[in-house]
Amino acid sequence: MLDFIYYPVSFILWCWHKVFGFVFGESTAIAWILGIIFLTFTVRGIMFKPFVNQVRSMKKMQDFAPEMKKLQKKYANDKQRQAQEMQKLQREHGVNPLGSCLPMLLQIPVFIGLNHVLRAFTMPPPGGGVKTENYFFTQHDVESYVNAKLFGVNLGEAVYNGVGVVSGGAANVGFQWGVLPVALPLMIVASIATHLTARHSVARQNAASATPQTAIMNKLTMYIFPLGVLVFGALFPLGLLFYWLANNGWTLMQQRLVYTKIDKEEAARKAEAAEKRASLGPKPGQKPTAPKVGQKPVQQKKNQSAQGGSQKKVTKAGSAHGFAQTTPAEAAAKAAEDAKAAAGTNGQNGSPENGTGVPGLLKDSTRKSGRKRR
């Protein structure tokens with residue numbers, strides 16, 4: 001029923017087994033273990049780009065988490081409107097909520113497929129007899145896998161083979177205590193690796209955007225899931241435990257590389273924004289530059305009247321009555337005009353020749369002679 005999963009998984013494993021079997025021998029456990037590990041690396045390499053998109057999507061969601069909280073509070077009584085507004089906000093920020101789940105969803109079929117393929121090596125055929133094939137593996141490959149043992153234990157064996165979901169109808173049903181000494185250290189290491197992976201991911205979360213649901217999920221991923229690996233690892237064959245170890249090791253390395261790259265990009269954006277702001281404003285200690293000759297002022301005075309004559313009235317600042325005043329240049333020009341007019345009235349009330357220098361005044365001798373005539 002799931003052959004569309006089993007065949008691709010078995011083909012990738014077949015390719016890597018041929019590569020390492022050429023070096024170490026096809027019937028050795030190390031060739032099969034390395035084949036399983038590099039099968040994991042191949043699948044994770046294919047999903048590298050979705051993982052980067054997942055990290056960026058989670059980073060964006062943490063950035064606008066306060067806005068989402070405001071929407072939840074604003075439309076607390078209208079769930080439909082709340083969902084619509086949150087979807088609108090996610091579209092504006094270019095965030096796809098399903099993008100963060102895609103890497104996990106893609107790993108589930110690989111896990112199921114590898115579990116079934118490894119179990120199928122030791123499962124007898126439906127009609128009985130000798131097993132001649134296992135998807136892409138021939139009878140020679142099946143015999144090679146059966147003869148490959150790690151400390152005397154076959155890679156397809158598990159501590160308990162009684163659950164059909166994971167055992168796939170294994171021949172030896174029940175507890176296999178001889179597998180426990182080899183499987184238990186792998187289960188412990190796999191559990192610790194799962195905890196470290198979850199811990200590293202939780203440490204990247206923004207505390208300001210944390211919610212009660214987020215806190216619950218963090219506890220589940222950091223403690224309950226690793227405990228589940230330790231307990232339910234007894235149901236997995238040894239080969240699948242190596243897949244789990246390789247998967248968590250890849251995740252730790254990938255998280256460190258991707259998170260470091262994203263942190264550098266974020267720091268570069270902040271430095272660029274700060275440099276741009278600094279370039280727009282004056283430097284510290286720099287005096288403002290004077291306007292150039294002929295440069296128009298930024299804002300004209302509102303009380304400046306149009307220039308239509310030689311005299312310009314300016315309203316005195318702070319005057320309640322707005323008395324008309326003249327500028328010093330205009331006052332000097334007016335005084336010069338008055339002086340010329342006074343000079344042109346020689347012989348009437350006074351002139352520069354009368355000796356007084358003040359218009360309208362006569363010499364004392366003239367006044368006395370006038371009195372004598374009368």
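Residues numbered from 1 in each chain as written. Predicted model: local features only at pLDDT ≥ 70, side-chain atom pairs only at ≥ 80, totals over all residues. Heavy atoms only, no water.

1. Regarding the overall build of the protein
No. 1: When helices and strands are tallied, the protein shows 13 helices and four strands.
No. 2: Sorting the 374 residues of the protein into buried and exposed places 32% on the buried side.
No. 3: Of the contacts formed within the protein by residues at least 6 apart in sequence, a portion of 64% connects residues at least 24 apart.
No. 4: For the protein, the accessible surface area stands at approximately 24,400 Å², while carbon and sulfur atoms represent 62% of it. (Helix = DSSP H or I, 4+ residues; strand = E, 2+ residues; numbered from the N terminus. Buried < 20%, exposed > 50% of the residue type's maximum accessible area, 1.4 Å probe, protein only. Contact = heavy atoms within 4.5 Å. Areas by Shrake-Rupley, 256 points an atom, 1.4 Å probe, with all protein chains shown as cover.)

2. Here we look at the side chain of T194
No. 1: Inspection of the secondary structure assignment puts T194 in helix 9 (residues 180-202).
No. 2: Of note is the side chain of T194, whose polar atom sits 3.0 Å from the side chain of W244.
No. 3: In this view, T194 contacts F225, P226, V229, W244 and N248; residues no more than four positions away in its chain are not counted. (Polar contact = N/O pair within 3.5 Å; in protein donor to acceptor, adjacent residues only side chain to side chain.)

3. Details of the pattern of salt bridges
No. 1: Summed over all chains, the structure comprises two salt bridges.
No. 2: Its salt-bridge partner being K18, residue E26 comes within 3.5 Å of it at the nearest N-O pair.
No. 3: A residue is classified by how much of its surface remains accessible, and E26, at 25% relative accessible area, is partly exposed.
No. 4: On the accessibility criterion, K18 (27% relative accessible area) is partly exposed.
No. 5: A network of salt bridges, in which partner residues are shared, links K18, E26 and D141. (Salt bridge = Lys/Arg side-chain N within 4 Å of Asp/Glu carboxyl O.)

4. Remarks on the packing of aromatic side chains
No. 1: By the definition in use, this model includes 18 aromatic pairs.
No. 2: Seen from their ring centres, Y7 and Y135 are 5.1 Å apart, and the 90° between their planes marks the pair as edge-to-face. Placement of Y7 in helix 1 (residues 3-24) and of Y135 in the loop between helix 6 (102-120) and helix 7 (139-147) is noted, with a sequence separation of 128 residues between them.
No. 3: The exposure class of Y7 is partly exposed, given its relative accessible area of 37%.
No. 4: A ring pair is formed by F41 and W250, whose centres lie 5.4 Å apart and whose planes are at 35°; its orientation type is tilted. You can see F41 sitting in helix 2 (residues 29-46) and its partner W250 sitting in helix 11 (residues 238-280), a full 209 residues away along the chain.
No. 5: F41 gets classed as partly exposed once you look at its relative accessible area, which sits at 26%.
No. 6: A connected cluster of aromatic rings, assembled from ring pairs, spans Y6, Y7, F11, W14, Y135 and F136. (Phe/Tyr/Trp six-rings, centres within 6.5 Å; stacked < 30°, edge-to-face > 60°.)

5. As for the packing of helix 2 against helix 11
No. 1: Where helix 2 contacts helix 11, the two axes come as close as 9 Å, and the packing angle between them is 40°. Accordingly, the angle class assigned to the pair helix 2 and helix 11 is oblique. Two packed elements cross with a definite hand, and for helix 2 against helix 11 that hand is right-handed. Within the contact between the two elements, helix 2 uses I33, I36, I37, T40, F41, R44 and G45 and helix 11 uses G239, F242, Y243, A246, N247, W250, T251 and Q254.
No. 2: Residue composition of the contact of helix 2 with helix 11, by class: eight nonpolar, six polar and one charged. (Axes fitted to C-alpha atoms, helices over the stretch in contact; angles between N-to-C directions. Parallel < 35°, antiparallel > 145°, perpendicular 65-115°, else oblique. Left-handed = near helix turned anticlockwise from the far one by under 90°. Nonpolar A, V, L, I, M, F, W, Y, C, P; charged D, E, K, R; others polar.)

6. Quick word on the environment of H17
No. 1: When you line up the elements, H17 lands in helix 1.
No. 2: Of the residues examined, H17 reaches a relative accessible area of 0% and is grouped as buried.
No. 3: Remark: the alpha-carbon pair of H17 and F38, spanning 21 residues in sequence, is separated by 9.3 Å.
No. 4: Once you skip the residues sitting within four places of it in the chain, H17 turns out to touch E26, A31, W32, G35 and S144.

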